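The residues making up each chain are set out below.
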Amino acid sequence: MSEYKKPSSPAEFAKNFKQKKPLMNQTEAHFESARCLFCYDAPCMDACPTGIDIPLFIKQIHTENVDGAAKTIYDSNWMGNACGTVCPTGVLCEGACVYNHQDVLPVQIGRLQNYATDKVISAGKKLFSEGVDTGFKVAIIGAGPGGVSCAAELRTLGVAVEIFEAKDNQSGLLINGVAPYKITNEEVQAEMDYLQNQLNYRIHYNSPIETKAQIAELEANFDAVFIGVGLGATAFRNIPGEDLSGVIGAVEFIEKLRLNHEKTLLGNKVVVLGGGNTAMDAASESARMGASEVTLAYRGTKEKMGAYKFEYDLALSAGVKGVFGANPIEILGNGNVSGVKFASASGEEFVVDCDQVIKATGQAKSGGLFELIADLDLDENQRVKVNPDSNQSSNPKYFAGGDAINGGAEVVNAAYDGKLAANGILAYLTNKK
Amino acid sequence: MADLSVDFAGIKAPNPFWLASAPPTNSGYQIMKAFDAGWGGAVWKTMGMPTINVSSRYGSTNYGDTRMAGFSNIELITDRPLEDNLREIREVTERFPDHAVIASLMVDTREEWIDIIKQVEDAGATGIELNFGCPHGMCERGMGSAVGQDPVVLKTIVEWVMDAAKIPVITKLSPNISHITDPGLAAVEGKTDAISLINTIKSIVGIDLDTYAPYPVVDGKGTNGGYCGPAVKPIALHMLKELAQHQQIKRTPLSGIGGIENWRDVVEFILLGATSVQVCTAVMHYGFGIVREMEAGLRQFMDDKGYQTIYDFAGKALPNVTEWKHLNLKHDVKAKINADKCIGCNLCYISCDDGAHQAIGLPTDGSRVPNIIEENCVGCNLCSLVCPVEDCITMVQKDDGTQQETWDDLTKANKIPDTFNDVRAGGKGHYVPEPSDAFKTKRKDKSGW
């Protein structure tokens, strides 16, 4: 039922994981930008978590001030290029486009945004400079979208920044967690390099913050700290058989896929457990990796799934089969997984044969770090509580954003948080002086 | 079925769709191709004295996603030898004896005019058009618009031509003048058989932002061009109407030119008194095949309205084009927004608030449908013009249609107001915000870091 042949070369992988929002050419951008009505108090702007002046940048593209368009975008969102393709634009800016009310296709805002930012990234066009040195120093934990956004913003404000990153790469989930048909590793890296080359923040790789001693050192050497850590590994659900070979967490699977592409090992018959966007990604990706059968099993009804409808539709179009009201009670197998036993809502048991199980059943909280920090208030879901105007935590020296405060949302939310926190940090440090 | 044939001042053609004297009529090849495609006539690219043309000749005004909304050229009259043109005129007229083949001419002295008229008549041209319009190049040598801008000279030349010509003569006017009726009247006094208008408008279509030279750029320099294309249609329509309503000119057949591209344009020109139309830019953009749409549309219009010939409706809009002083001051329309159709772009709000009369309010009910503030709506139409949704904002008549009062009436009754008491203006029903209220309407800005 899966339509995809198992990819055996980079070219075949690229074909199976064809970009959903390919880069526009100049002609496309010209015609598409002409469609924007330049709405007053534009709903697209309101729908954008970072409040990009969308009518302005589209007008700028149309008048061939593409550098200006990119500047407008980055002025609001440091992940401008990535957000153009990975944002769920259909439910954000494009979902709010007034053309929808006319049964006319909305302006392709995401692709236009990607077009403008790609131009400046490709040309290495310097749009930003470091601000006049304030003498302040800030440490950032985690080089994901939130951390990098915070760093870039702080540098424009004249604050010195060092980022501590557990992994050996930056961008967090952009490289390690986003579906490959949304953005390529190269595109992500290019934007990261573009920002870092202009704004010169230092990133310490392979530098997880795991001890109280490290925290004490950060507090001694820096005026403030931004917590931009992501969530942990896929959580265990305490189903018998979870430790069988062939059972993998969705986050771990996607990370492997992003780094190894067609060389990623995957079974032939795949069961994906879960109903969120990560489950949809894992299912779509399994199908595109050439699995002959991909079953998406969710314990609730189709309507109750947390995933966006367009993500489920995308999985279906890739050949994924959805099974609902299927509560996994045991993963079967002897050494290697051979199937999953489910109980239906009425209590009937049934088995789906498979040789691979991908659990997209939620990630562990990133709570470990939080416990090391004094006076850091968390909410009932182990998320850092912050003042929404500044993203400052209960410990005034600490600010936070992204997964650490929302438990896992979009890249664009992290980008907003990072920028907001940077301004919050500067205000806090300036007032304290 | 409607009969589209015309007899324009004695020049017969199977339909009123003619090619204007311009690059599309540069050769017999092009004109034969055009006639084969359905054009009823062609005004040959202007013949006259030898010229040399520059390389880089056209510039354009693009608007939105539309190319060549306006078009400018600095090309001169034909640079092909007269004998070649004459030979091809003969070939075309022999092959298409029922079509209008009109020789556009531009020379200087009386002898030159008499000589060239004889030659094109001998070649079989069915009419002559006098090019008194081109506003670039030739005018620097005392021809083209230099003549069109000087009614005395124009009349003299028309008289020379009328003395010599045996075939119908059309005088083509330049719009680069304050009152088109001045050269129009001069042409009539010179006994021209017909008038065509407009020629192109003096223009600079743009400046190259790297070299600071105007388009079209000729080795780092440029000159004014002649502007045409869809952008000039409103100017052409007005000038056509000026002649068509003029007591001494209106009996002279008028050929309409200026931005005509589709059947609607054609009908509009005919409604204002044209009985043939001439097209250039649309053909330069889309080729001769564009005439298919014009002919089909004109036929459909005539069938729908029950017209047999274009003369049945020629000039039919003229009685409705009047002077401002005759407009009914009691007529009252106000904007109405159809909430079901509104898509919430708020362009009506901002255009009215920033560009008109502060007569539209933003919604306060959580929707994005703005509301009309009736007491402030002067019925200007702006909101209905900017609204991107067809028939969403309509202008609704509020007066009962029984009241009639014009400025002319007031003048005659000696009732011209000596105070500012227009009910649609400040102080009477219509409020004007305080200047400092400007800061209260500032849009909320999420990205105001």
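Residues numbered from 1 in each chain as written. Chains lettered and ligands numbered in written order. Predicted model: local features only at pLDDT ≥ 70, side-chain atom pairs only at ≥ 80, totals over all residues.

## Comments concerning the overall build of chain A
Within chain A, the secondary structure is distributed over 18 helices and 15 strands. Here chain A has a C-alpha radius of gyration of 22 Å; the compact-globule value for 433 residues is 22 Å, and the two agree. Each principal axis of the C-alpha atoms in chain A carries an extent, and together these give about 65 × 55 × 40 Å. Scored against the burial criterion, the 433 residues of chain A give a buried share of 52%. (Helix = DSSP H or I, 4+ residues; strand = E, 2+ residues; numbered from the N terminus. Rg over C-alpha atoms; globule rule 2.2 N^0.38 Å. Buried ≥ 20, exposed ≤ 12 C-beta atoms within 10 Å, placed from the backbone.)

## Description of the overall build of chain B
Looking only at helices and strands, chain B features 13 helices and 18 strands. With respect to the three principal axes, the spread of C-alpha positions in chain B is 75 × 60 × 45 Å. Across the 449 residues of chain B, 44% fall into the buried class. Long-range contacts, defined as pairs at least 24 residues apart, comprise 70% of the intrachain contacts of chain B with a sequence gap of at least 6. (Contact = placed C-beta atoms within 7 Å.)

## Details of the domain arrangement of chain A
Residue and element names in this part refer to chain A. According to the domain assignment, chain A consists of domain 1 (22-123), domain 2 (137-232 + 365-432) and domain 3 (247-359). Summarising the inter-unit geometry, the C-alpha centres of domain 2 and domain 3 are found 31 Å apart. Residue-level contacts link six residues of domain 2 with eight residues of domain 3. Partitioned by chemical class, the residues of the side of domain 2 that touches domain 3 number three nonpolar, three polar and no charged. (Domains from an automatic or database assignment. Nonpolar A, V, L, I, M, F, W, Y, C, P; charged D, E, K, R; others polar.)

## Details of the sheet that holds strand β8 (residues 321-324) of chain A
Residues and elements named next belong to chain A. The five strands are arranged β5-β12-β6-β7-β8 in an open sheet whose pairing can be described as parallel. Single-partner strands in this sheet number two, and they are β5 (247-249) and β8. Ignoring strand direction, the axes of neighbouring strands in this sheet form an average angle of 25 degrees. As judged from the five bridges shared by strand β6 (residues 269-273) and strand β7 (residues 293-298), these two strands associate in the parallel manner. Note that in β7 the partner of Val 272 across the bridge is Leu 296. Each of β5 and β12 (356-359) touches helix α13 (residues 250-260); the most contacted strand, β5, lies at about 85 degrees to it. (Pairing = 2+ DSSP bridges. Axes fitted to C-alpha atoms, helices over the stretch in contact; angles between N-to-C directions.)

## A word on the pairing of β12(A)
Residues and elements named next belong to chain A. In β12, alternate side chains face the same way, and those of Gln 356 and Ile 358 on one face and Val 357 and Lys 359 on the other are all buried. Of the pairings in the sheet, the one linking β5 to β12 comprises three bridges and is parallel in character. Across the sheet, residue Gly 249 finds its bridge partner in β12, namely Lys 359.

## Considerations on the nonpolar core
Counting 114 residues, the largest nonpolar core has Ile54(A), Val138(A), Ile141(A), Phe226(A) and Val411(A) as the members making the most contacts within it. Residues in contact with Phe226(A), not counting those within four places in the same chain, are Val138(A), Ile140(A), Ile141(A), Gly147(A), Cys150(A), Phe399(A), Ala400(A), Ala421(A) and Ile425(A). Counting residues in hydrophobic clusters, the runner-up holds 98 residues, among them Val6(B), Val169(B), Ile180(B) and Leu272(B). (Core = buried A, V, L, I, M, F, W, Y, C linked by C-beta atoms within 7 Å.)

## Section: the interface of chain A and chain B
Each side of the interface is counted separately: chain A has 19 residues, and chain B has 16 residues. Elements supplying a minimum of two residues to the side of chain A that touches chain B: α2 (26-34), α3 (43-47) and α5 (66-76) of chain A. Per-element accounting of the side of chain A that touches chain B gives the leading share, three residues, to α2(A). Taken together, the residues of the side of chain A that touches chain B break down into nine nonpolar, seven polar and three charged.

## Some details on unusual backbone geometry
All names here are of chain B. Across the junction of Leu 197 and Ile 198, the peptide omega takes the value 10 degrees, indicating a cis bond. Mapped onto the elements, Ile 198 comes out in the loop between β10 (194-197) and β11 (201-203). Cis rather than trans, the peptide bond between Tyr 215 and Pro 216 has omega equal to -15 degrees. Position of Pro 216 among the secondary structure elements: in the loop between β11 and β12 (225-228). Phi angles above zero are rare outside glycine, and Asn 414 is one such case at about 55 degrees.

## Overview of the domain arrangement of chain B
Each domain of chain B was delimited in the assignment, giving domain 1 (6-319) and domain 2 (324-441). Its C-alpha centre places domain 1 of chain B at a distance of 41 Å from the equivalent point of domain 2 of chain B.

## Description of the sheet that holds strand β10 (residues 336-344) of chain A
Residue and element names in this part refer to chain A. Here three strands make up an open sheet; going across it, the order is β9-β10-β11 and the pairing antiparallel. Either end of the sheet is taken by a strand with one partner, and the two such strands are β9 (326-334) and β11 (349-353). Strand-to-strand twist of the sheet, defined as the mean angle between neighbouring strand axes without regard to direction, takes the value 30 degrees. In terms of strand pairing, β9 meets β10 through eight bridges, oriented antiparallel.

## Looking at the packing of helix α9 (residues 145-156) of chain A against helix α11 (residues 185-199) of chain A
Residue and element names in this part refer to chain A. Interhelical geometry of α9 versus α11 gives an angle of 25 degrees and a closest axis separation of 10 Å. By the criterion of interaxial angle, the relationship of α9 to α11 is roughly parallel. Classified by chirality, the crossing of α11 by α9 is left-handed. Contacts from Val 148, Ala 152, Arg 155 and Thr 156 of α9 reach α11 at Met 192, Leu 195 and Leu 199. The residue makeup of the contact of α9 with α11, split by class, is five nonpolar, one polar and one charged. (Parallel < 35°, antiparallel > 145°, perpendicular 65-115°, else oblique. Left-handed = near helix turned anticlockwise from the far one by under 90°.)

## Some words on helix α11 (residues 347-355) of chain B
Inspection of α11(B) places Leu347(B), Cys348(B), Tyr349(B), Ile350(B), Cys352(B) and Asp353(B) among the buried residues, and these make up the whole buried set. Tucked into the core, α11(B) has its buried residues touching β16 (360-361), α12 (382-386) and β18 (393-397) of chain B.

## Considerations on the packing of helix α4 (residues 54-62) of chain A against helix α8 (residues 109-123) of chain A
When two helices pack together, their arrangement is given by the angle between the helix axes and by the axis-to-axis distance. Residues and elements named next belong to chain A. Between α4 and α8, the least distance of the axes is 10 Å, while the angle of their chain directions is 60 degrees. With respect to each other, α4 and α8 are oriented oblique. In the packing of α4 onto α8, the handedness of the crossing is left-handed. The segment α4 lies against α8, with Ile 54, Phe 57, Ile 58 and Ile 61 engaging Ile 109, Leu 112, Tyr 115 and Ala 116. Considering only residue class, the contact of α4 with α8 consists of eight nonpolar, no polar and no charged.

## A short note on the environment of Thr211(A)
Mapped onto the secondary structure, Thr211(A) falls in the loop between β3 (202-204) and α12 (212-221). The spacing of Thr211(A) and Glu3(A) is 208 residues in sequence and 48 Å in space, taken between C-alpha atoms.

## Considering the environment of Tyr181(A)
All names here are of chain A. Mapped onto the elements, Tyr 181 comes out in the loop between α10 (173-176) and α11. Judged by local crowding, Tyr 181 falls into the buried class, with 20 C-beta atoms found within 10 Å. Once you skip the residues sitting within four places of it in the chain, Tyr 181 turns out to touch Phe 17, Lys 18, Gln 19 and Lys 20.

## Here we look at the confidence of the model for chain B
Here chain B averages 95 in pLDDT, while 97% of its residues score no lower than 70. Both scores are given for the predicted complex: the pTM is 0.92, the ipTM 0.89. (pLDDT = per-residue confidence, 0-100.)

## Let's talk about α5(A)
All names here are of chain A. Counting buried positions over the 11 residues of α5 gives eight, a clear majority of the element. All of the buried residues along α5 are Val 66, Ala 69, Ala 70, Thr 72, Ile 73, Tyr 74, Asp 75 and Ser 76. Looking at the buried positions of α5, the neighbouring elements they touch are α4, α6 (80-86) and α8.

## Some remarks on the environment of Thr134(A)
Residues and elements named next belong to chain A. Residue position: Thr 134 is located in the loop between α8 and β1 (137-141). For Thr 134, a count of 16 C-beta atoms within 10 Å gives the class partly exposed. With 21 residues separating them along the chain, Thr 134 and Arg 155 place their C-alpha atoms 9.9 Å apart. Once residues within four sequence positions are removed from consideration, Thr 134 is found in contact with Gly 158 and Val 159.

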